[in-house]
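Below, each chain spelled out in residue letters.
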Amino acid sequence: ASLKKLKTFHFHENHLFDLPRKLFGQNKRIEDINLAENNLSEWPSNPHVFEDLETLNLAGNKISLITSDFTANMLNLQVLNMSHNLIGHMTDGKITYEDFTFLAESVVVDFSFNEIKTLDLSNATAARLDRLNQIQGSQNPRPGCQLDLTGNPLTCDCWATELKQKVEGTLTNSFKHLFTLSSHKLRCAAASNHPDVAGKLVQEVEYRALTCPIHGA
């Protein structure tokens, strides 16, 4: 039987370890996919775009990378739930704006309780984004998302300076309007930070405490 008209696909809590690459190849109109609480380590690379997909729930899996299949192939995505995964595990805990910059407008993105240590909002990365926007002839080619980072083991060093500014509303580079934080209750990891900042909320940490070691010193 053809499943071309399938709009809802719920296979949560089924101990799935992988998905066929072309699983949704014929489902051009699917709107809701729920694969939460499985053992998936990756999202299958799909050769087609999802034109109508609005909700994708992959919470509680073992996915470690955000690929362009999420950001560029889902044209009308509204909610992406990837909480309780392993995002950051393969990138030393670092994510950049490419990981949450979508073609769809105003996506609600849940990256809570992953392995994210650093969100690169540096001026150097912002300048790279500005150059890309100039090439594309747009000030902001992709409308921003609402991002949830709660429960991640954040490293509160010099790389967290712009994140603190984002939380406090004082960030001035291009990331000021690119996304919003759904919660400001972001906490410095207790185990991996200096005792002066360990376990504190980002907005409670003084800027002078956000330092990085000087190599060779």
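You'll find the structure just up there.
Residues numbered from 1 in each chain as written. Predicted model: local features only at pLDDT ≥ 70, side-chain atom pairs only at ≥ 80, totals over all residues. Heavy atoms only, no water.

Q: Residue-level account of the state of the cysteines, with values.
A: With the rule as written, the count across this model stands at 2 disulfides. Residue Cys156 pairs covalently with Cys188 via a disulfide, S to S 2.0 Å. With the S-S dihedral at roughly -90°, the linkage between Cys156 and Cys188 falls on the left-handed side. On the criterion of sequence distance, the pair formed by Cys156 in the loop between β8 (145–148) and α3 (161–168) and Cys188 in the segment after β9 (179–181) is long-range, its members being 32 residues apart. Residue Cys188 is classed as buried on the basis of its relative accessible area, which comes to 2%. The disulfide partner of Cys158 is Cys212, and the S-S distance across this bridge is 1.9 Å. With the S-S dihedral at roughly -90°, the linkage between Cys158 and Cys212 falls on the left-handed side. (Disulfide = S-S within 2.5 Å. Helix = DSSP H or I, 4+ residues; strand = E, 2+ residues; numbered from the N terminus. Buried < 20%, exposed > 50% of the residue type's maximum accessible area, 1.4 Å probe, protein only.)

Q: So what's going on with the pattern of salt bridges? Residues and values would help.
A: Going through the model one piece at a time under the given rule, you end up with 6 salt bridges. In this structure, the salt-bridge partner of Asp120 is Lys94, at a minimum N-O distance of 3.7 Å. On the criterion of sequence distance, the pair formed by Asp120 in the loop between β7 (118–119) and α2 (123–136) and Lys94 in strand β5 (residues 94–95) is long-range, its members being 26 residues apart. Under the relative-accessibility criterion, Lys94 is labelled partly exposed at 33%. Where Glu206 meets Arg208, a salt bridge forms, and the shortest distance between an N and an O atom there is 2.5 Å. In this structure Glu206 comes out as partly exposed when scored by relative accessible area, which is 44%. (Salt bridge = Lys/Arg side-chain N within 4 Å of Asp/Glu carboxyl O.)

Q: Could you give an account of the environment of Leu121, naming the residues involved and the relevant values?
A: Residue position: Leu121 is located in the loop between β7 and α2. We classify Leu121 as buried; its relative accessible area is 0%. In sequence terms Leu121 and Val107 are 14 residues apart; their C-alpha atoms lie 19 Å from each other. Excluding anything up to four places from it in sequence, Leu121 contacts Glu162, Leu163, Lys166, Asn173, Phe175 and Phe179. (Contact = heavy atoms within 4.5 Å.)

Q: Talk me through the side chain of Asp148; I want residue IDs and the actual numbers.
A: Along the polypeptide, Asp148 turns up in strand β8. The charged side chain of Asp148 is buried without a salt bridge, its nearest counter-charge being Lys185 at 11 Å. Residues in contact with Asp148, not counting those within four places in the same chain, are Val109, Asp110, Phe111, Ser112 and Ser182. (Lys, Arg positive; Asp, Glu negative; His and termini not counted.)

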